[in-house]
Amino acid sequence: MGAARGVLQAALLLAAAAAAFLLVSPAAAAAVNSTSATLDNIQPLSTLNMAAARVAMDAGSAIRASPELLGTNGEDSAWVTVNFTTPAPTDGHWIALFSPADFDLIMGGKQSSSRINAAGEDEAPAGLPIAPIKYKFANISPSFMSSGSGDTSFLLINQRYDYAFGLFSGGKDNPKLVAVSNKISFANPKAPVFPRLSQGKGWNEMAVTWTSGYNVDEAYPFVEWRMNGKENARARRSPADTLTFTRNHLCGKPANAEGYRDPGFIHTAFLKNLWPNREYSYQIGHELLDGTIVWGKSSTFRASPSPGQASLQRIVIFGDMGLGQSDGSNELAGFQPGAQVTTERLIKDLPNYDAVFHIGDLSYANGFLAQWDQFTAQISPVASRVPYMVASGNHERTSRDTGGFYGGDDSHGECGVPAETYFRAPAAANRGKPWYAADHGMFRFCVGDTEHDWRPGTAQHAFLDGCFAAADRKHQPWLVFAAHRPLGYSSNEYYAREGSFSEPMGRTLQPLWQKHRVDLAVYGHVHNYERTCPVYENTCTAAPAAAGGGANGSSSAAAYTGALGGTIHVVAGTGGARLRGYAGGEWPQWSAARSESYGYVKLTARDHSRLEFEFIRSDDDEVLDAFTITRGYKDVLACAVDACDPHTLAN
């Protein structure tokens, strides 16, 4: 048996290697991005030496912002024009947006000047500088260096407090506050904003999460909703729970120090007993104690199909996005250069998919908590319309001495608290251990958490075993594993150097994938795109048929027919963070396709026998990689190497 198995594996390896579909030449793919990997982890706000900042008000310098009152028609974001002047302009002058607009506090003023937040804490203790929300260098205005005067525009969102701009000299290292602007505020700074959907505990439940400045002792949060297209459909109201967190919940700096900002209150309501594939309208709101209702924006969503239901079903998956920079703010330049273009592409493509899985490294706030509000505002056009499902990444969770699987401090003191509060995964039994199952028609998704141990004997391993086993493959033929760090295969330089081409001990899940015949495993973390052949233990187990017509107009899609015999692994950490290259040397035989492009994966199922896969480039909607799987139920049942219990007669 052992010799026969070896011959079979060798034959499949050669066939698959010969048929590999390559996006770029091996020489080009082997080139490693010259940008240091360490730069990917530096939040640019941390490069501002606010601890050294001092007040040096200059009578000749001035800064003014307009308009002063925003959101008078219920808007949750608005553009503000900032005019500034100084008598001796330098390239070290910069403009920063602060909130709350209390510069005595911002510059480490007396305790009596501090602001008490809704949780009863000082917004910042005496002597603690507060980081700005965003900043620009003054020379972004073309006339500034020659005239000393300039103007620029900032996009502000409703973040519960007032705002003010400061004009600084001295660059990042030795900042001096030379002028302070007038204050700017939203008409209702407490208003409910930025709803985001997620699938509830079951397929026929939708969770609606949003942020506001209202605690439950001053207003009752709820969602009003109704089914569309049905005459006399009555509106229902579902109450929401309310959570927040404080500085004491966080695990280190800068999250609990200069990066801290009152997160407001996060509310979640559950809309239950939804009809499959029906469209619903909803609106978030708060009923004040006097009976007045403060409404947020209204939106619509389509409920999930029931498990096993055959209909057109399309899912988007990617990781590692971060914040965009539609106003040109410097703290984002070069940090997540593709975030805005991916977000804009997702907004344009919104009619063509039903749910999003963002598998880790969401905002890259890295301890600067105001960025979480900015991120929820950025994705709101998408997350308010389709379920926005998330996984935990190292930049959300990893923090020293907090019981995670990895050391280091990639979350910079957040230790999962903001991500797990701002985003709801109701199917997870524990917010702090966010692994969960999600059913969407013919798909079953088992979402893992690579920041906690997944090896045999752990709670997560037991969960994944049960999640895979619970899929009824007659009716849910497409079984997908998703997690942040690559536990399968990746040609990232670090993994190649480490010798495993995956996270250390990552492939301890291979027996589960093989036993349960998992079709796809999709990861982020590595900032490039890569797809493998169907693979088990480094060996390609199936070769594609001759290239045929691909999805979405692609004419070069690989086509897999029948049993795969292994799992296809995909790295799609291409949401927006700075791209990375690949290891040098020859390609491993399992690496079938690569691309250094921003984009996302889209899965399309139209029936129980065919799955279409695409990797779509954010810049222009071009399909850079595609394949199809066509098979019957018998192909799912068929034994492959280590896929049937060893005591069965099938072996």
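Only a predicted model underlies this, so the values are computations on that prediction, with no experimental measurement involved.

Calculation notes
Residues numbered from 1 in each chain as written. Predicted model: local features only at pLDDT ≥ 70, side-chain atom pairs only at ≥ 80, totals over all residues. Heavy atoms only, no water. Disulfide = S-S within 2.5 Å. Helix = DSSP H or I, 4+ residues; strand = E, 2+ residues; numbered from the N terminus. Buried < 20%, exposed > 50% of the residue type's maximum accessible area, 1.4 Å probe, protein only. Phe/Tyr/Trp six-rings, centres within 6.5 Å; stacked < 30°, edge-to-face > 60°. Contact = heavy atoms within 4.5 Å. 1 Å grid on protein atoms, 1.4 Å probe; cavity = no way out; pocket = protein on both sides within 12 Å on 5 of 7 lines; lining within 4 Å. Points joined across faces, edges and corners; volume = space filled by probe spheres on them. Nonpolar A, V, L, I, M, F, W, Y, C, P; charged D, E, K, R; others polar. Domains from an automatic or database assignment.

Draft legend 1. Here's a closer look at the state of the cysteines. Under the counting rule described, the total for this entry stands at four disulfides. Here Cys-251 connects covalently by a disulfide to Cys-415, the sulfurs 2.1 Å from one another. Here Cys-251 and Cys-415 share a disulfide; its torsion about the S-S bond, 75 degrees, makes the bridge right-handed. Taken together, the residues span a long stretch of sequence, with Cys-251 in the loop between strand 14 (236-243) and strand 15 (265-271) and Cys-415 in the loop between helix 7 (394-397) and helix 8 (417-422) at a distance of 164 residues. By relative accessible area, Cys-251 is classed as partly exposed at 35%. Look at Cys-415 and you get buried, because its relative accessible area is 10%. Across the disulfide from Cys-533 sits Cys-540; the S-S distance is 2.1 Å.

Draft legend 2. View of the packing of aromatic side chains. Tallying each qualifying case throughout the model produces 31 aromatic pairs. Plain terms: the ring middles of Phe-405 and Trp-454 are 4.7 Å apart, the flat faces sit at 55 degrees to each other, and that makes the pair tilted. Within this pair, whereas Phe-405 is found in the loop between helix 7 and helix 8, its partner Trp-454 is found in the loop between strand 22 (443-447) and helix 9 (459-469), the two being separated by 49 residues in sequence. Taking relative accessible area as the criterion, Trp-454 reaches 1% and is therefore assigned buried. Taking 5.9 Å as the distance between ring centres and 50 degrees as the angle between the ring planes, the aromatic pair formed by Phe-481 and Trp-513 counts as tilted. With a gap of 32 residues between them, Phe-481 in strand 23 (residues 478-483) and Trp-513 in helix 11 (residues 510-515) connect regions that are remote in the sequence.

Draft legend 3. Quick peek at the environment of Ala-240. Position of Ala-240 among the secondary structure elements: in strand 14. Here Ala-240 falls in the buried class, since its relative accessible area comes to 15%. Put simply, Ala-240 and Phe-222 are 18 residues apart on the chain and 5.1 Å apart in space, counted from C-alpha to C-alpha. Residues within four places of Ala-240 in sequence aside, it is in contact with Trp-210, Pro-221, Phe-222, His-267, Thr-268 and Ala-269.

Draft legend 4. Just empty space enclosed by the protein, in detail. Counted under the stated rule, the structure contains six cavities of 30 Å³ or more. Roughly 90 Å³ of internal volume is contained in the largest cavity. Looking at the largest cavity, it is lined by 14 residues, and the ones nearest its centre are Ala-131, Pro-132, Gly-259, Arg-261 and Ala-370. Broken down by class, the residue content of the lining of the largest cavity amounts to nine nonpolar, three polar and two charged. Residue assignment places the lining of the largest cavity across two domains, with domain 1 (44-110 + 122-186) and domain 2 (193-546 + 555-637) each supplying three or more. The calculated volume of the second largest cavity comes to roughly 60 Å³. Around the second largest cavity, the lining residues are Gln-199, Ser-304, Ile-315, Ala-355, Phe-357, Pro-387, Met-389, Ala-438 and His-440.

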